[in-house]
Amino acid sequence: MSDPVTRPPLVTPPATSARRTPKETQARVALSLRRRYWSELRFRAYGLSAVLLGIVFVVFLFGTIFMKGASSFRQTYISLDVFYDPAIIDPNNTHKAEDIANADYQAIVRASLRARFPAVESRKDIRDLTRIVSGGASFDLRKRVLNTAGLVGQRETLWLLASDDVDMLMKGHIGRGTAADPGPLGENQLVWFDQLVKSNALELRFNKTFFTHGDSREPEQAGVWGAVMGSLFTLAITLVLSFPIGVAAAIYLEEFALKNRWTDLIEVNINNLAAVPSIVFGLLGLAVFIGFFGMPRSAPLVGALVLTLLTLPTIIIASRAALKGVPPSIREAALGMGASKIQMVTHHVLPLAMPGMLTGTIIGMARALGETAPLLMIGMVAFIVDVPKSVTDPATVLPVQVFLWSDSPERAFVERTSGAIIVLLGFLVVMNATAVVLRNKFERRW
Amino acid sequence: MTPAALLVVLVGLALVGYVLGKSRALATVGGNRGIRNLHSLPSYYGALTALWCAVPALVVLGAWGAFQDTIIIKLVTAHMPAAVQSLPESQLGLVINDVHNVVAGNVSFDNARPEIRAAAREYIEIRSIARYALTALVLAIGIVGMVLVRGRISPEFRARNAVERIVEWALIGCSLIAVLTTIGIILSVAFEAARFFGKVPWYQFIFGLEWSPQTAIRADQVGSSGSFGAVPLFAGTALISGIAMVIAVPIGLFSAIYLAEYAHRNFRAWTKPFLEVLAGIPTVVYGFFAALTVGPLLRSWGEALGLQVASESALAAGLVMGIMIVPFVSSLADDMITAVPQALRDGAYALGATKSETIKQVVVRAALPGIVGGVLLAISRAIGETMIVVMAAGLAANLTANPFEAVTTVTVQIVTLLVGDQEFDSPKTLAAFALGLVLFLVTLALNVLALHIVKKYREQYE
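Only a predicted model underlies this, so the values are computations on that prediction, with no experimental measurement involved.

**Student:** It is not clear to me how the overall build of chain B should be interpreted in this structure. Could you clarify?
**Tutor:** What chain B contains, in helices and strands, is 16 helices and two strands. Taken over the C-alpha trace, chain B has a radius of gyration of 31 Å; the compact-globule value for 462 residues is 23 Å, which it surpasses by more than 25%. Oriented by its inertia axes, the alpha-carbon framework of chain B measures out at about 85 × 75 × 35 Å. When the 462 residues of chain B are sorted by exposure, 41% land in the buried category. For chain B, restricting intrachain contacts to residue pairs at least 6 apart in sequence, the fraction spanning at least 24 positions comes to 74%.

What follows is the structure, encoded as structure tokens:
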């Protein structure tokens, strides 16, 4: 907006125009009109470019994340002939499950690799060779042996998890390295890599690990399932607590409370809480729930309590708007028929306002799902491998998992982080779409 | 019985109470045919019985659950050897923690020290006695409540009014939670901050120019006494928020104006939700974007231009934060612009103003208070934003106005001070609460002011 003093006047002042002929005035106006139309056009261009810039941001943001993350849903596997050597798995021939469980499956992987590359002899080379297969492959083998009867002594061809460096090279995220700057893979490892690719023994397959496992220090073994379960536990309790409380508070404020200073105070307070930084809620959770009440750290239960307080204002505000949208005639009719005030609310107003309240709640839940900072405060950032089984088990949630992985130095974790973001955004899209559908389907105009 | 099992039993008891109350009410008037002689519907008698059965018992159960541990620990410590009892508070806390671990089965009995083993045994013993007592007490309260109400049921008994009064109190209680949250925030943050200011003088915190919160672990360590001058943090926060607002306000304002005044209806219908997507993206995603895409990009551009750009520059964090705030500014501005009455625009057109002149000199001026309120809200959000700065801004407390350097912010320091293991009474931990207090007060002041302005503005045209 230009300064009022320097802005040229829209209409020439009468004092000077009195001395001009109409022709001169016309010429002046025509001139100023051209300038004014130009500025009109410019202003419009500013507006359009602001909108386009916003759109470019959205596209760029989603574009980079999908480009980085799409490959995390596929994972490199190595095809190997595995011999379940009884001498390794069950050397004492006991057939006991615990002996079989404790066997050295890494040795089986090593033996299969040596069978594939018989030329490899020296200790160092063998060590390098084992590194192209993930450490997780031996766990997979163990699980397979324990779950399938009669495998010991058999041979089969299996697709085993490759290490993260091989995976990154396969996907083209890292180069082969130069003499000056060798990549993570050594020279001989690159030779084996090429041989495996040539014989079709390396393949990108659907990354099941990513969706079934918890966190891990090894990128190729890390999955989002633990974080997804943590998020589900946290959100479930948040929903159970915040929806009834939020709706009840909204009903009281909208239908029962008298207009006085006290209710004004509550209203101002709720509006302010909605704008308090989320990290402050984390401080509250740390000081009150963990410090004062001694609740366990890192538990979804505590996270849910904090998120409940965080989402309550959103839900209350949305629910009040929904209640306001129900026309007074409905209330008067119910009261006129002899309903009590509570009956009027529960039988008539509440069902009519419910779609709006649900929409607000879903949006509040979506916000809670994406919330990270307050959960860092209450210790949900711990490195947790196990998938949580209850609301008091230590757990982490999806956005915190994103934060943790984004800190990891391995190249493969960049891809995992983007993959986890895609999963998170997927959940958010589903929730918001549900809210929109709900609104369009049940919204009533009175 | 464990508290969880007790809860289930209590719910069952309440259901029994409902059935008994309802049947009793019907029995007083001779079954379904006499129902019109009852003051309230039979279900209200049932509900009242159930409520009186469950609610007092639940209150007792909740209070017991909250205080049981504290009380048992008090009893157990009283029986510990005198040497343990005379330990300073922090070490006593460690001992109690050990006891908890043994009780929970995290540490086996055989591995624990003898005094802890004894304490854990005593703890378990007291707890099992307490559980018996609790079970008896809760069930007794439930049954007594049920019997009392059932005894009072008669056709004239106003059950509906009684139930509704309870429901109304419950509604009031729910609306008070918001107030309690605020009080909780103020008390918890202020209490810890007061402890911090007991160790570090407040003027040193507010005006000090050096921030290095690492305190010595051992008493004889050199050069790590910790200094808590928060000015670099305030400056860093202001710098990053400033950059964010420089991005967000023009883009947000201009896109709101364009969409509200110029855009075709179809264009608006498609673009507006598209831009609002930005508001729904979790901040951790923005942080990742800032740290791994924008940061390196700016760095390489800076190198091409011969500029020194830190990889965790204030610019990258501010830029991405600005993008995040765009939809916030634009949706508020949009509200304000559409609230300006059409008559004002028509008046300007009638005087021969072009559309942009009308917008610049009439619409925006009329909407100015509302827009200022919206911008204040956006600033408060920028100051309180955490994840973007944690991931994309640095930890180094540089006092600089150069956007290419790394700065740190209040929220980053709160997170770094509090994440990980920490003891509750070191100045390092307490400093986070002092920063939290400052953050809360500043954002609160901005919010109160902004909401007040916006409310006044809305009333003006209503």
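This is not the end of the story, as more comes after the structure.
**Student:** I'm lost on the overall build of chain A in this one. Help?
**Tutor:** Helix and strand content of chain A: 19 helices and three strands. Computed over its C-alpha atoms, the radius of gyration of chain A comes to 33 Å, more than 25% above the 22 Å expected for a compact globule of 446 residues. Structurally, chain A occupies a C-alpha span of about 110 × 75 × 40 Å along its principal axes. Counting across all 446 residues of chain A, residues that qualify as buried make up 41%. A fraction of 76% describes how many contacts in chain A between residues 6 or more apart in sequence connect residues 24 or more apart.

**Student:** Any chance you could explain the interface of chain A and chain B here in plain terms?
**Tutor:** In many analyses, interface size is given as the accessible surface area lost on bringing the parts together. Each partner contributes to the interface: chain A provides 69 residues, whereas chain B provides 74 residues. Sort the elements by how many residues they give to the side of chain A that touches chain B and helix H2 (residues 22-69) of chain A lands first, with 18 residues. Class assignment for the residues of the side of chain A that touches chain B results in 51 nonpolar, 15 polar and three charged.

**Student:** Explain the environment of Gly 153 of chain A here, please?
**Tutor:** Residue and element names in this part refer to chain A. Structurally, Gly 153 can be placed in the loop between helix H7 (136-147) and strand E2 (155-161). Judged by the 12 C-beta atoms lying within 10 Å of it, Gly 153 falls in the exposed class. Sequence separation between Gly 153 and Asp 85 is 68 residues, and the spatial gap between their C-alpha atoms is 5.4 Å. Among residues more than four places away in sequence, those in contact with Gly 153 are Tyr 84 and Pro 86.

**Student:** Which parts of the structure should I look at to understand the confidence of the model for chain B?
**Tutor:** Fine structural detail should not be taken from predicted coordinates in areas where pLDDT scores are low. Looking at chain B as a whole, its pLDDT mean stands at 86, while 95% of the residues score no less than 70. Per the prediction output, this complex has pTM 0.87; the corresponding ipTM is 0.87.

**Student:** What should I look at first to understand the packing of helix H15 (residues 410-418) of chain B against helix H16 (residues 427-461) of chain B in this one?
**Tutor:** If you want to describe how two helices pack, look at the angle between their axes and the distance between the axes. Residue and element names in this part refer to chain B. Running from N to C, H15 and H16 cross one another at 150°; their axes reach a closest spacing of 9 Å. Taken together, the axes of H15 and H16 are roughly antiparallel relative to one another. With respect to the hand of their crossing, H15 and H16 are arranged in left-handed fashion. In contact with Val 410, Thr 411, Gln 413, Ile 414, Leu 417 and Leu 418 of H15, H16 contributes Lys 428, Thr 429, Ala 431, Ala 432, Leu 435, Gly 436, Val 438 and Leu 439. Broken down by class, the residue content of the contact of H15 with H16 amounts to nine nonpolar, four polar and one charged.

**Student:** Sorry if this is basic, but what is going on with the environment of Leu 58 of chain B here?
**Tutor:** Considering the arrangement of structural elements, one finds Leu 58 of chain B in helix H2 (residues 42-78). Distance from Leu 58 of chain B to Ile 141 of chain B, taken between C-alpha atoms, is 9.6 Å for residues 83 residues apart in sequence.

**Student:** Is there a simple way to think about the pairing of strand E1 (residues 74-83) of chain A in this case?
**Tutor:** Residues and elements named next belong to chain A. Sheet analysis places E1 next to strand E3 (residues 202-206), joined by five bridges and oriented antiparallel. Its bridge partner lying in E3, Thr 76 is registered against Leu 204. Across seven bridges, the pairing between E1 and E2 is antiparallel. Residue Val 82 lies in a different strand from E2, and its bridge partner there is Glu 156.

**Student:** Please explain the nonpolar core as it appears in this structure.
**Tutor:** In globular proteins that are soluble, nonpolar side chains generally tend to be buried together. Among the nonpolar cores identified, the biggest contains 220 residues, and Ala 290, Ala 317, Val 320, Val 329 and Ile 388 of chain B are the most heavily contacted of them. Among residues more than four places away in sequence, those in contact with Ala 290 of chain B are Gly 295, Ala 316, Ala 317, Val 320, Ile 388, Met 391 and Ala 392 of chain B.

**Student:** Would you explain the packing of helix H12 (residues 342-350) of chain B against helix H13 (residues 355-384) of chain B in this entry?
**Tutor:** Residue and element names in this part refer to chain B. Contact pair H12 / H13: the axes reach a minimum separation of 10 Å and the direction vectors enclose 155°. With respect to each other, H12 and H13 are oriented roughly antiparallel. For the pair H12 and H13, the crossing hand works out as right-handed. Mapping the contact onto sequence places Leu 344, Arg 345, Ala 348 and Tyr 349 in H12 and Thr 358, Val 362, Val 363 and Ala 366 in H13.

**Student:** How do you make sense of unusual backbone geometry when you look at a structure like this?
**Tutor:** What is expected of a backbone is that most residues other than glycine have negative phi and most peptide bonds are trans. Residue and element names in this part refer to chain A. Even without glycine at this site, Asn 200 takes up a positive phi of about 60°. Among the structural elements, Asn 200 can be located in the loop between helix H9 (187-198) and E3. What makes Asn 200 exposed here is the crowd of 8 C-beta atoms within 10 Å. The backbone of Ser 298 shows a phi angle near 60°, a positive value even though the residue is not glycine. Secondary-structure assignment places Ser 298 in the loop between helix H13 (278-292) and helix H14 (300-324).

**Student:** It is not clear to me how the sheet that holds E2 of chain A should be interpreted in this structure. Could you clarify?
**Tutor:** As a general point, the strands of a sheet are linked pairwise by backbone hydrogen bonds and lie either parallel or antiparallel. All names here are of chain A. In space, the three strands of this open sheet follow the order E2-E1-E3, with antiparallel pairing throughout. Each of the sheet's edge strands pairs with one partner strand only, and the pair in question is E2 and E3. In this sheet, adjacent strand axes meet at a mean angle of 40° when their direction is disregarded. Along the sheet, helix H5 (residues 105-116) contacts E1 and E2; its crossing angle with E1, the most-contacted strand, is approximately 85°.

Scoring rules and cut-offs
- Residues numbered from 1 in each chain as written.
- Chains lettered and ligands numbered in written order.
- Predicted model: local features only at pLDDT ≥ 70, side-chain atom pairs only at ≥ 80, totals over all residues.
- Helix = DSSP H or I, 4+ residues; strand = E, 2+ residues; numbered from the N terminus.
- Rg over C-alpha atoms; globule rule 2.2 N^0.38 Å.
- Buried ≥ 20, exposed ≤ 12 C-beta atoms within 10 Å, placed from the backbone.
- Contact = placed C-beta atoms within 7 Å.
- Nonpolar A, V, L, I, M, F, W, Y, C, P; charged D, E, K, R; others polar.
- pLDDT = per-residue confidence, 0-100.
- Axes fitted to C-alpha atoms, helices over the stretch in contact; angles between N-to-C directions.
- Parallel < 35°, antiparallel > 145°, perpendicular 65-115°, else oblique.
- Left-handed = near helix turned anticlockwise from the far one by under 90°.
- Pairing = 2+ DSSP bridges.
- Core = buried A, V, L, I, M, F, W, Y, C linked by C-beta atoms within 7 Å.

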